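Single-letter residue listing:
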Amino acid sequence: MSSTLERQAITLGGLPVGEGRPAIIATRVSLRGRRAHDATSAPPPVSPPVPPAAGPDGRSAGLAQGVTLVEPATAADLPAIAAHADAVVVGASWTRDIPLVRAAAGTGLPVVVERRPGASIEEWLGLAGYCAVEGDGRVILCEGGRPDLGLVRAARAASGRPVLVDVTGGPELAAAAVAAGADGLVAGPEGRALAEEAVTVAGGLLRPESPATLPECRAAIDRVDAALATLLERRVELAGIVQRIKPVGGFAGRDMDRERALVARMAKRAPSLGEPGLTPIMNAVIEAGLHLAERRTTP
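Residues numbered from 1 in each chain as written. Predicted model: local features only at pLDDT ≥ 70, side-chain atom pairs only at ≥ 80, totals over all residues. Heavy atoms only, no water.

Caption draft 1: Up close: the pattern of salt bridges. Under the definition given, this model contains 15 salt bridges. Linking R28 and E71 is a salt bridge whose minimum nitrogen-to-oxygen distance equals 3.4 Å. Of the two residues, R28 sits in strand β4 (residues 27-30) while E71 sits in strand β5 (residues 68-71), which places them 43 residues apart along the sequence. In this structure R28 comes out as partly exposed when scored by relative accessible area, which is 25%. Among the salt bridges present, the one from R260 reaches D257, with a minimum N-O distance of 2.4 Å. Taken as a pair, R260 and D257 lie in helix α9 (residues 256-269) at a separation of three residues, close to a single helical turn. Of the residues examined, R260 reaches a relative accessible area of 51% and is grouped as exposed. Judged by its relative accessible area of 55%, D257 falls in the exposed class. (Salt bridge = Lys/Arg side-chain N within 4 Å of Asp/Glu carboxyl O. Helix = DSSP H or I, 4+ residues; strand = E, 2+ residues; numbered from the N terminus. Buried < 20%, exposed > 50% of the residue type's maximum accessible area, 1.4 Å probe, protein only.)

The structure is reproduced here in structure tokens:
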């Protein structure tokens, strides 16, 4: 558990999970609740609730637009899941149903293993290893329910496997999950906007990337720029408060000693730029904030 394994990346429906920006998965379907609801009536058709029409590549047209994870109710659901879904979910409520776990792992799909509430990281990773042996090795971990984000980075380091965090029950946790090291977010349609913002801003600020192509480089730069813009807006607002508090505001109240000190502190975080590179940047930022404060206070 103490060693860090080489990071793995697994592709779900053309979406890489485990490298680059955290993935966003909008659709997770559970057939277990539906089966329980219909238990007193005739069994429903065994198929995920997605449009059945096939697209040009033979996959469901409804799934061609995004990644879909499906959790079976019984082994009878697995043939339809194998035909239509991008991954099969070993749900937290049945991780101890070993025959169903074995059957799910044998579908030929990537397997998403959700941690059972209260399960240790050893138990979670042990089940993931079992699924890898029973299947083709493509296993992704998932922390859901009330996610313990402290386990995300530890599980990733100990196993090398990608880790998803299911935030459908709390989309406001998306940014914290990205900061904790999640390789992807299961957000649901309602939480997608918050997930996108978390991946763009928190990911741009906290997640290093190594893009290999020009479009990937530009996309990564766009995420860093989005995080930078968010921080600049926050800085301007705080600087405006300072101007209202200071005895002498505006350009006349600039404290050059403090500005030199803040540049020196920033240079420790940005050694490539250093103080010579950061000084003109921060001067422009400070002056932009002062000009804005003046415009806001001018009748």
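Caption draft 2: Main features of the nonpolar core. Counting 44 residues, the largest nonpolar core has I81, V90, V111, V113, W124, C131 and L185 as the members making the most contacts within it. Broken down by element, this core gets its largest block of residues, seven residues, from helix α4 (residues 121-134). Look past the residues within four positions of C131 in its chain and what remains in contact with it is V90, V101, A105, V111, V113 and V139. By size, the runner-up hydrophobic cluster in this structure holds 14 residues, among which are V17, V67, L69 and V112. (Core = buried A, V, L, I, M, F, W, Y, C linked by side-chain atoms within 4.5 Å. Contact = heavy atoms within 4.5 Å.)

Caption draft 3: Structural detail: a positive patch on the surface. On the surface, R235, R258, R265 and K268 cluster together to form a positively charged patch. With three residues, the single largest contributor to the positive patch is α9. Residue position: R258 is located in helix α9. Residue R258 is classed as exposed on the basis of its relative accessible area of 52%. (Patch = residues over 30% accessible without salt bridge, like charges linked within 9 Å, V, L, I, M, F, W, Y side chains within 5 Å. Areas by Shrake-Rupley, 256 points an atom, 1.4 Å probe, with all protein chains shown as cover. Lys, Arg positive; Asp, Glu negative; His and termini not counted. Charge placed at Lys NZ, Arg CZ, Asp CG, Glu CD.)

Caption draft 4: Summary view of the sheet that holds β4. Taken in spatial order, the eight strands of this open sheet run β3-β10-β9-β8-β7-β6-β5-β4, and their pairing is parallel. Lying at the two open borders of the sheet, with one neighbouring strand each, are β3 (23-25) and β4. Strand-to-strand, the axes of this sheet are offset by a mean angle of 25°, without reference to chain direction. Helix α5 (residues 150-159) contacts β8 (139-143) and β9 (163-166) of the sheet and is inclined by roughly 155° relative to β9. (Pairing = 2+ DSSP bridges. Axes fitted to C-alpha atoms, helices over the stretch in contact; angles between N-to-C directions.)

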